Amino acid sequence: MAEYKLLFEHAHDPEFKTLKGYLAKGGYSALKKAIGIPAQSIIDEVKASGLRGRGGAGFPTWIKWNGLPKDKSHGKKHYIVCNADEGEPGTFKDKQLMEATPFLLVEGMTLAAMATGGDVGFIYIRGEFLDAAKALRAAIDEAYANGYLGQNILGSGKNFDLYIHLGAGSYECGEESALMSSIMGERGMPRLKFPHVPLPTISGLWDSPTLINNVETYCCAPFIVNKGGAWYATLGASTKNSRGTKIFSVSGHVNKPGNYEIEFGTTLAELLEMSGGMKGGSLKACVPGGSSVPIMNADQVNKAVIGYEEMWDAGSMVGSGGCMFLNDKTCIVQFIWRTALFYANESCGKCTPCREGTKWMLQILERIVEGNGQEGDVELLMDITKQIDGRSFCGLGDAAAWPVAGAIKVFPEEFDFYVKNGKSLVNSNLKLLPV
Ligand SMILES: Cc1cc2nc3c(=O)[nH]c(=O)nc-3n(C[C@H](O)[C@H](O)[C@H](O)COP(=O)(O)O)c2cc1C
Ligand code: SF4
């Protein structure tokens with residue numbers, strides 16, 4: 001299959017960033033349609049579309065949208081939050097969506113507000129993404145000036161205010177409960193989750209009903225409302241349960257790195273071909289969904305079909321779509337050391353398995369990549385991953401354990417060789433600077 005540009009159809013047209021250009025390409029026709037139909041019909045279209053969250057977990061979007069109270073006699077505001085933190089290494093699709101198609105996100109969030117009784121929205125943007133914030137600022141200002149945001153939107157009698165909130169560059173603030181803490185002015189640390197406390201759809205920001213979705217998820221909404229959920233569900237129909245398109249941020253040893261939008265059901269090998277094929281050597285490995293998903297070898301890549309269940313069957317995950325292809329000159333042990341360094345730095349320190357476990361994994365990997373590995377180190381690493389996975393307070397712990405465990409499973413000979421011989425199977429050893 002070739003690229004399928006739905007969200008990205010006009011991404012290279014600078015006019016699409018302006019309200020005039022957006023309207024000229026059919027922009028806001030979904031919102032006009034939505035204000036004339038019952039809120040539940042919008043949710044029903046999202047259900048029919050089969051859309052699943054593009055932030056990483058692939059949770060069915062309609063279930064979240066349907067989860068906010070229908071009756072607002074509780075007297076609280078309903079919040080619509082966009083997770084635009086995009087901290088997962090290898091992923092840079094939301095950045096391009098916000099910079100090139102800001103109105104898709106603004107309209108998508110407004111549709112979510114219409115469907116769920118949303119009063120106030122926040123776009124939580126990763127602090128470094130200043131160009132994205134500027135593009136959204138301009139779009140939001142134009143939308144306010146022309147009646148698409150604010151009071152009595154397009155004469156519907158409905159109100160929706162939208163704010164931008166810049167983060168400060170913490171990966172953990174992409175975790176939804178930490179993100180909410182950060183918006184509320186608290187330290188960006190995760191909170192207790194369901195079933196210990198109610199879901200954010202019932203009690204999120206300021207204990208009020210809150211919807212949280214990823215940038216790409218909201219950007220799908222205008223197409224679903226406009227063309228219908230049934231139409232959207234025809235995309236990806238060859239897969240078990242993945243519908244629509246997905247943007248993959250392709251990086252690593254490829255000739256044409258960048259964002260590629262594909263229909264679910266496309267193969268991973270086709271995605272590699274779209275990205276210009278391998279550079280500097282043959283395909284050795286791939287981390288298909290952002291740094292936290294398990295690494296695949298070339299054989300697994302060549303058999304993999306892109307779909308949530310299909311990628312799981314192939315040994316990894318769709319994740320957030322940060323797809324890194326690695327050539328045969330890559331030392332997998334050194335690659336995993338670099339990944340472990342990221343997670344050890346980003347661990348917020350709240351719970352012991354992650355705080356201590358990420359540091360221990362890093363220490364062991366450091367001595368291995370410097371050529372000082374000790375007998376039993378690989379087994380010890382594997383054991384630590386088991387103590388972190390499923391035992392940490394939030395998903396960062398799991399995200400730190402999976403890459404290490406996955407790489408040891410798929411490339412055991414590289415780890416064993418490094419420890420036994422004090423050198424890499426493919427590269428020279430690393431000389432790490434003291435920190
Ligand atoms: C440590 C950590 C970091 C995360 N970072 C992001 C992020 O940058 N962007 C994002 O959309 N989701 C991120 N998530 C997932 C969110 O918690 C949440 O599931 C997502 O925003 C839901 O949106 P969706 O249903 O549209 O996918 C992260 C999760 C964890 C555990
Ligand atoms: S898993 Fe890591 S990031 Fe999450 S709460 Fe525990 S220490 Fe913090």
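Preceding this paragraph is the structure being described.
Residues numbered from 1 in each chain as written. Chains lettered and ligands numbered in written order. Predicted model: local features only at pLDDT ≥ 70, side-chain atom pairs only at ≥ 80, totals over all residues. Heavy atoms only, no water.

A grouping of Glu-375, Glu-379, Glu-413 and Asp-416 is seen on the molecular surface, where their side chains present a negatively charged patch. Following the sequence through the fold, Glu-379 ends up in helix α16 (residues 377-388). (Patch = residues over 30% accessible without salt bridge, like charges linked within 9 Å, V, L, I, M, F, W, Y side chains within 5 Å. Areas by Shrake-Rupley, 256 points an atom, 1.4 Å probe, with all protein chains shown as cover. Salt bridge = Lys/Arg side-chain N within 4 Å of Asp/Glu carboxyl O. Lys, Arg positive; Asp, Glu negative; His and termini not counted. Charge placed at Lys NZ, Arg CZ, Asp CG, Glu CD. Helix = DSSP H or I, 4+ residues; strand = E, 2+ residues; numbered from the N terminus.)

The next thing to look at is the pattern of salt bridges. Applying the stated criterion to the full structure yields 16 salt bridges. As a salt-bridge pair, Lys-95 and Glu-99 come within 3.0 Å of each other at their nearest N and O atoms. Here Lys-95 and its partner Glu-99 are both found in helix α5 (residues 93-100), four residues apart, which amounts to about one turn of the helix. Put simply, Arg-367 and Asp-377 hold a salt bridge, and the shortest N to O gap is 2.7 Å. With Arg-367 in helix α15 (residues 352-369) and Asp-377 in helix α16, this pair connects stretches of sequence that are 10 residues apart.

With that settled, consider the packing of aromatic side chains. On inspection of all chains with the given rule, the structure shows 13 aromatic pairs. An aromatic cluster is built from Phe-16, Tyr-22, Tyr-28, Phe-103 and Tyr-148, whose rings are joined through pairwise contacts. The ring of Phe-248 carries Lys-246 above its face, with NZ or CZ at 5.7 Å from the centroid. (Phe/Tyr/Trp six-rings, centres within 6.5 Å; stacked < 30°, edge-to-face > 60°. Lys NZ or Arg CZ within 6 Å of the ring centre and 35° of its normal.)

Before going further, it helps to examine unusual backbone geometry. Backbone torsion omega between Phe-194 and Pro-195 reads 10 degrees, so that peptide bond is classified as cis. Among the secondary structure elements, Pro-195 is positioned in the loop between α8 (176-183) and β4 (210-214). Unlike most non-glycine residues, Glu-86 shows phi in positive territory, near 35 degrees. Among the structural elements, Glu-86 can be located in the loop between β1 (79-84) and α5. Classification of Glu-86 as buried rests on a relative accessible area of 7%. The residue Leu-154 is not glycine, and still its phi comes out positive at about 45 degrees. (Buried < 20%, exposed > 50% of the residue type's maximum accessible area, 1.4 Å probe, protein only.)

The end-to-end C-alpha separation of α16 is 17 Å, in line with the 16 Å expected for 12 residues at 1.5 Å each. Listed in full, the buried residues belonging to α16 are Asp-377, Val-378, Leu-381, Met-382, Ile-384, Thr-385 and Ile-388. The buried residues of α16 occupy an angular sector of 160 degrees when the element is viewed end-on, so they sit on one face. Along α16, exposed side chains directed more than 90 degrees from the buried face belong to Glu-379 and Lys-386. Next to the buried residues of α16 lie α15, α17 (395-410) and α18 (412-421). The positive-phi residue at the C-terminal boundary of α16 is Gly-390, with phi of around 80 degrees. (Expected span 1.5 Å × (residues − 1). Arc of directions from axis to C-beta. Contact = heavy atoms within 4.5 Å.)

Okay, empty space enclosed by the protein next. Going through the model one piece at a time under the given rule, you end up with two cavities of 30 Å³ or more. Its volume calculated, the largest cavity comes out at about 70 Å³. Split by residue class, the lining of the largest cavity holds seven nonpolar, three polar and two charged. Put simply, the second largest cavity is a space of about 30 Å³. Lining the second largest cavity, in full, are Val-287, Ser-291, Val-293, Ile-295, Phe-335, Ile-336, Thr-339 and Pro-403. Classifying every residue of the lining of the second largest cavity by side-chain character gives six nonpolar, two polar and no charged. (1 Å grid on protein atoms, 1.4 Å probe; cavity = no way out; pocket = protein on both sides within 12 Å on 5 of 7 lines; lining within 4 Å. Points joined across faces, edges and corners; volume = space filled by probe spheres on them. Nonpolar A, V, L, I, M, F, W, Y, C, P; charged D, E, K, R; others polar.)

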